[in-house]
Amino acid sequence: MDSIAVALQPYKETVGLTAAIVTVVQFFSGVLALNEIRRRGSTVGFSVLPFLGCTVFCLLNVQFGQMLRDDGMIRVNFIGLALNLLYVCGFYLYTDGPRKTAVWGQIGLAGAFTVGVLSYVQYEDPKLVVFRFGIILTGLLWTLVGMPLLDLGDILKKKSTEGLPFPIIFLGAVVSFCWLLYGIILRSNFLVVQNLIALALSAIQLSLFIIFPSGAAKPPPSPAKKRN
């Protein structure tokens, strides 16, 4: 890794800026999902969890950026926080009455988790908090990236990737690759492992689009139709 880091060192600022820009672009990909919800006029078939998860992740990353005194991290994640809060609000507006209660419950759980983590940060040993907080963020990142794989059984059964958010998954892979390069330049094993796993999870999901069509698989024609 050291030889790659040395070779990429002159491009450190460019890679860092590219990673930040692509991350912000990924945040805007939520507009596509929200627009589809608006077009249908309903959130049936969609989940608020990706928006809530990104909201929590960005908020915690703002805190992590403050701990690391990294203004770039703070700015990028503040943009993501603002956008995902708007997505959550939009999702709620298009949710029908009976399902709003479930959305509120999920929002409550996300809020409780966030408060719990932020409270932990205040009382943890300053010498350990950065590493342990980073572990929490890594676990949350892998959960968010791998969330679409929860429907893997259904995808294999239907032999269709219909419902998988291709733009979000593709941009997630690009973001992970950019931050992986940046982690190599910084010689940060933590950042490298974090984004290497995230990239692998994204690659698995992207491979599903190659194996299966985006539409529902059509059943084979009946023998009667074949005779006609």
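Just so you know, these numbers come straight off a predicted model, no measurement behind them.

1. A few points about the pattern of salt bridges
Inference 1: The full count for this structure, using the stated rule, is three salt bridges.
Inference 2: With a closest N to O distance of 2.5 Å, glutamate 36 and arginine 39 form a salt bridge. One end of the pair is glutamate 36 and the other is arginine 39, both in helix 3 (residues 30-40) and three residues apart, which spans about a single turn.
Inference 3: In this structure glutamate 36 comes out as partly exposed when scored by relative accessible area, which is 21%.
Inference 4: A salt bridge links arginine 132 to glutamate 124, with the shortest nitrogen-to-oxygen separation between them at 2.9 Å.
Inference 5: For arginine 132, a relative accessible area of 37% gives the class partly exposed.

2. Some words on the environment of alanine 173
Inference 1: Among the structural elements, alanine 173 can be located in helix 9 (residues 166-186).
Inference 2: Classification of alanine 173 by relative accessible area gives buried; the value is 11%.
Inference 3: Linking alanine 173 and glutamine 205, residues 32 residues apart in sequence, is a C-alpha distance of 9.6 Å.
Inference 4: If we ignore the near neighbours within four places in the chain, the residues touching alanine 173 are Leu199, Ser202 and Leu206.

3. Here we look at the side chain of serine 202
Inference 1: Summarising the element assignment, serine 202 is placed in helix 10 (residues 189-211).
Inference 2: You can call serine 202 buried: its relative accessible area is 3%.

4. Points about helix 6 (residues 97-123)
Inference 1: Counted at 1.5 Å a residue, the expected span for helix 6 with its 27 residues is 39 Å, and the 40 Å between its end C-alpha atoms agrees.
Inference 2: The complete set of buried residues in helix 6 reads Val103, Ala110, Thr114, Val117 and Val121.
Inference 3: On its buried face, helix 6 is in contact with helix 4 (49-68), helix 5 (71-93) and helix 7 (126-146).

5. Regarding the UniProt feature "transmembrane region" (unreviewed entry) in the protein chain
Inference 1: Annotation from UniProt places "transmembrane region" (unreviewed entry) at residues 15-34, 46-64, 76-95, 102-123, 129-152, 164-185 and 197-217.
Inference 2: As annotated, residues 102-123 has a helix share of 100% and a strand share of 0%, and its two end C-alpha atoms lie 32 Å apart.

6. So, the nonpolar core
Inference 1: Counting 33 residues, the largest nonpolar core has Phe51, Phe57, Leu60, Phe91, Phe133, Leu137 and Leu140 as the members making the most contacts within it.
Inference 2: Mapped onto this core, the elements with two or more residues apiece are helix 2 (12-28), helix 3, helix 4, helix 5, helix 6, helix 7 and helix 10.
Inference 3: Those residues in contact with phenylalanine 51, other than ones at most four positions away along the chain, are Gly30, Ala33, Asn84, Tyr87, Val88 and Phe91.
Inference 4: Listed in part, the six residues of the second largest apolar core include Ile155, Leu164, Ile169 and Phe209.

7. As for the confidence of the model for the protein chain
Inference 1: Per-residue confidence for the protein chain gives a mean pLDDT of 83, with 91% of residues at or over 70.
Inference 2: Confidence drops under a pLDDT of 50 for residues 216-228, and excluding neighbours within four residues, the segment shows six contacts in the predicted structure.

8. Structural notes on the side chain of threonine 55
Inference 1: Mapped onto the fold, threonine 55 is located in helix 4.
Inference 2: A distance of 2.8 Å separates a polar side-chain atom of threonine 55 from the backbone oxygen of phenylalanine 51.
Inference 3: Apart from the residues within four sequence positions on either side, threonine 55 is in contact with Leu81, Asn84, Leu85 and Val88.

9. What to know about the packing of helix 7 against helix 10
Inference 1: Contact geometry of helix 7 with helix 10 gives a least axis separation of 9 Å together with a crossing angle of 10 degrees. As summarised for this structure, helix 7 and helix 10 are arranged roughly parallel, according to the angle between their axes. Along its contact with helix 7, which presents Phe131, Gly134, Ile135, Leu137, Thr138, Leu141, Trp142, Val145 and Gly146, the element helix 10 presents Phe190, Val193, Gln194, Ile197, Ala198, Leu201, Ser202 and Gln205.
Inference 2: Its residues assigned to classes, the contact of helix 7 with helix 10 shows 11 nonpolar, six polar and no charged.

Definitions and cut-offs
Residues numbered from 1 in each chain as written. Predicted model: local features only at pLDDT ≥ 70, side-chain atom pairs only at ≥ 80, totals over all residues. Heavy atoms only, no water. Salt bridge = Lys/Arg side-chain N within 4 Å of Asp/Glu carboxyl O. Helix = DSSP H or I, 4+ residues; strand = E, 2+ residues; numbered from the N terminus. Buried < 20%, exposed > 50% of the residue type's maximum accessible area, 1.4 Å probe, protein only. Contact = heavy atoms within 4.5 Å. Expected span 1.5 Å × (residues − 1). UniProt positions renumbered as here; feature names shortened; annotations may be inferred. Core = buried A, V, L, I, M, F, W, Y, C linked by side-chain atoms within 4.5 Å. pLDDT = per-residue confidence, 0-100. Polar contact = N/O pair within 3.5 Å; in protein donor to acceptor, adjacent residues only side chain to side chain. Axes fitted to C-alpha atoms, helices over the stretch in contact; angles between N-to-C directions. Parallel < 35°, antiparallel > 145°, perpendicular 65-115°, else oblique. Nonpolar A, V, L, I, M, F, W, Y, C, P; charged D, E, K, R; others polar.

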